[in-house]
Amino acid sequence: MQARETHDAGGVDSAYAWLRLGLSMLLATIGGAGMWSVIVVLPAVEREFGVDRADASLPYTATMVGFALGNLFIGRFVDRFGVTAPLAIASVALGSGFLLASQAGSIWIFTVLQGALIGFGSAATFGPLLADVSHWFDKRRGLAMSATASGNYLAGAIWPLVLQAAMAEHGWRGAYVLAGTVCLAVLVPLAFLLRRPPPHMARKGAPVPKAPPPPKRSTSLSPGMLQFLLIIAGLGCCVAMSMPQVHIVAYCVDLGYGVARGAEMLSLMLAGGIASRLASGLLADRIGGLPTLLIGAVLQCLALLLYLPYDGLASLYLVSLIFGLSQGGIVSSYAIVVREYLPAREAGRRVGAVITATIVGMAIGGWMSGWIYDLTASYQAAFLNGIAWNLLNIAMIVLIFWRSGRPRGTAVTA
């Protein structure tokens with residue numbers, strides 16, 4: 001009877017939970033512009049400001065640093081106050097950042113705006129939304145979290161094409177004005193549709209539970225050590241992941257295929273990532289987040305190897321799709337592992353910390369690949385560097401897997 005009342009009231013696994021999931025995916029798709037836009041404009045910014053590839057990669061690195069810090073700090077506020085206010089404030093920062101960056105007079109001003117406003121603001125539509133959605137689902141938590149994370153990849157599939165079209169007519173500055181206007185007009189109103197507090201938070205007149213429910217799965221690792229190993233694993237996987245994602249457009253330009261072909265490959269890669277994330281969520285609901293994470297890490301490493309021998313136009317389209325299908329579910333699997341092994345009341349900060357590590361990995365990897373390119377005049381060494389970091393990622397996951405126990409019980413809502 002109690003479970004039925006919770007369902008009718010719009011609680012865990014209710015119709016309202018699915019509506020909230022849909023809104024979260026829409027927010028993540030629009031807010032994801034902050035993460036992917038700089039990749040598309042990178043060649044144009046490099047030409048306009050007259051900088052080398054490493055310096056042109058700095059705005060992306062700054063974006064990822066801001067994104068990482070945003071996931072870390074905004075997640076803590078979500079744990080205490082819910083998602084609406086932090087999301088609305090961050091959305092204003094994101095939209096304003098695009099508008100201000102469109103007027104930047106130097107690569108350094110552009111870089112600062114990318115990190116302090118665009119990256120930080122965009123973060124609210126990733127890790128904090130994953131943590132919030134996780135409270136509304138039990139039976140399909142893996143699918144719900146992966147679907148929310150897919151909004152970020154859906155953004156990567158849509159925004160590069162939209163921005164490329166806008167750049168053709170109005171240049172990269174006009175494309176940024178478009179992105180900023182859309183973010184301000186849509187994200188802020190949507191944030192206020194998520195005002196209802198999550199089920200585990202006490203409402204007015206509702207009894208406060210004596211103790212939070214325990215996590216579903218057990219491990220001999222302490223919470224701090226588990227989070228530390230997940231952080232190292234996330235760092236390694238995303239240094240590797242960043243090589244194709246950040247530099248595929250520039251790589252295509254160097255090979256003579258042009259910006260448009262690179263943007264299409266990025267969109268194809270991220271479209272494959274959407275399918276991979278949804279499939280990973282379904283798999284995690286059946287076998288758990290940790291085995292799903294290990295499968296994704298191994299597949300990503302194998303996909304990276306394919307970039308070494310193949311650089312033809314048709315083969316790059318195919319390899320980019322394979323890469324997207326291989327690695328798309330990795331980052332969302334980290335969040336699922338956190339929710340399976342660590343307490344619900346710490347979801348925002350724990351998920352935020354691990355997501356921060358993955359984004360730092362993307363930031364380091366994006367810059368590192370540009371630096372290696374400048375040293376070698378080739379992306380081959382950068383791909384090899386990514387593979388080495390991917391092997392570190394796999395080693396950390398295997399260690400966590402070795403120290404993990406059996407599920408504590410399927411009836412517990414963590």
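Structure shown above.
So, here's what we can say about the structure.

Rules used in this analysis
- Sequence order as written defines the numbering, with residues in each chain counted from 1.
- The predicted nature of this model means local features are confined to residues of pLDDT at least 70 and side-chain atom pairs, given and counted, to a pLDDT of 80 or more, with totals for whole chains, interfaces and linings taken over all residues.
- The side-chain quantities take in all heavy atoms of the structure and omit both hydrogens and water.
- Angles here are taken between N-to-C directions and fall from 0 to 180 degrees, while the axes themselves are lines fitted to C-alpha atoms, restricted in helices to the stretch in contact.
- Put simply, DSSP marks the helices as runs of H or I at least four residues long and the strands as runs of E at least two long, and each gets a number from the N terminus on.
- Angle categories are assigned with fixed cut-offs, so that under 35 degrees is roughly parallel, over 145 is roughly antiparallel, 65 to 115 is roughly perpendicular, and the rest are oblique.
- Under this grouping Gly is polar, as are all residues other than the nonpolar Ala, Val, Leu, Ile, Met, Phe, Trp, Tyr, Cys and Pro and the charged Asp, Glu, Lys and Arg.
- In the sections that follow, a salt bridge refers to a side-chain nitrogen of Lys or Arg positioned within 4 Å of a carboxyl oxygen of Asp or Glu.
- What a helix is expected to span follows from its residue count: subtract one and scale by 1.5 Å.
- We define the bend at any residue as the angle between the axes fitted to the seven residues before and including it, ending there, and the seven starting there.
- Grid spacing is 1 Å over the protein atoms alone, the probe is 1.4 Å, and a cavity is where that probe fits but cannot get out, while a pocket is an open set with protein on both sides within 12 Å along at least five of seven lines and lining residues have an atom within 4 Å of a point.
- Grid points are joined across faces, edges and corners, and a volume is the space filled by probe spheres set on the points.
- Only buried Ala, Val, Leu, Ile, Met, Phe, Trp, Tyr and Cys residues count toward a nonpolar core, and they belong to the same one when joined by side-chain atoms within 4.5 Å.
- Partly exposed describes any residue whose relative accessible area lies between the buried limit of under 20% and the exposed limit of over 50%, with all areas from a 1.4 Å probe on protein chains only and scaled to the type maximum.
- A contact between two residues is defined here by any heavy atoms of the two lying within 4.5 Å.

### Points about the packing of helix α8 (residues 141-191) against helix α10 (residues 259-287)
Stage number 1. Where α8 meets α10, the closest approach of the two axes is 8 Å, and the angle between their N-to-C directions is 175°. With respect to α10, the element α8 is oriented roughly antiparallel.
Stage number 2. For the contact of α8 with α10, the residue count by class is 17 nonpolar, ten polar and four charged.

### Looking at the pattern of salt bridges
Stage number 1. For the structure on display, the rule yields five salt bridges.
Stage number 2. The salt bridge partner of Arg 20 is Asp 132, with a shortest N-O separation of 3.0 Å. Separated by 112 residues along the polypeptide, Arg 20 in helix α2 (residues 15-31) and Asp 132 in helix α7 (residues 127-134) bring together distant segments of the chain.
Stage number 3. Overlapping salt bridges, with partners in common, bring together Glu 346, Arg 349 and Arg 350 in one network.

### Points about α8
Stage number 1. The terminal C-alpha atoms of α8 lie 21 Å apart, and with 51 residues this falls more than 12% below the ideal 75 Å at 1.5 Å per residue.
Stage number 2. The largest bend along α8 reaches roughly 125° and is located at His 170.

### Some words on empty space enclosed by the protein
Stage number 1. Tallied over the full model, the rule gives one cavity of 30 Å³ or more.
Stage number 2. Together, 13 residues line the largest cavity, and Met 35, Asn 152, Arg 277, Val 331 and Ile 359 are the ones closest to its centre.
Stage number 3. Of all the secondary-structure elements, those providing two or more residues to the lining of the largest cavity are α8, α9 (223-254) and α14 (347-376).
Stage number 4. Residues of the lining of the largest cavity, tallied by class, amount to nine nonpolar, three polar and one charged.

### Describing the nonpolar core
Stage number 1. In this structure, Phe 110, Trp 172, Tyr 176, Leu 230, Met 241 and Tyr 334 are the most contacted members of the largest nonpolar core, which totals 117 residues.
Stage number 2. Ranked by residue count, the leading element in this core is α8, at 17 residues.
Stage number 3. Setting aside residues no more than four positions away along its own chain, Leu 230 makes contact with Leu 293, Tyr 334, Val 337, Val 338, Val 354 and Ile 400.
Stage number 4. Ala 17, Leu 21, Phe 137 and Ala 147 belong to the second largest nonpolar core, which has eight residues in total.

### A closer look at the environment of Ile 330
Stage number 1. Within the secondary structure, Ile 330 sits in helix α13 (residues 330-341).
Stage number 2. The class of Ile 330 is buried, set by a relative accessible area of 2%.
Stage number 3. Measuring from C-alpha to C-alpha, the distance between Ile 330 and Pro 291 comes to 11 Å, with 39 residues separating the pair along the chain.
Stage number 4. Look past the residues within four positions of Ile 330 in its chain and what remains in contact with it is Cys 237, Met 241, Leu 293, Gly 296, Ala 297 and Gln 300.

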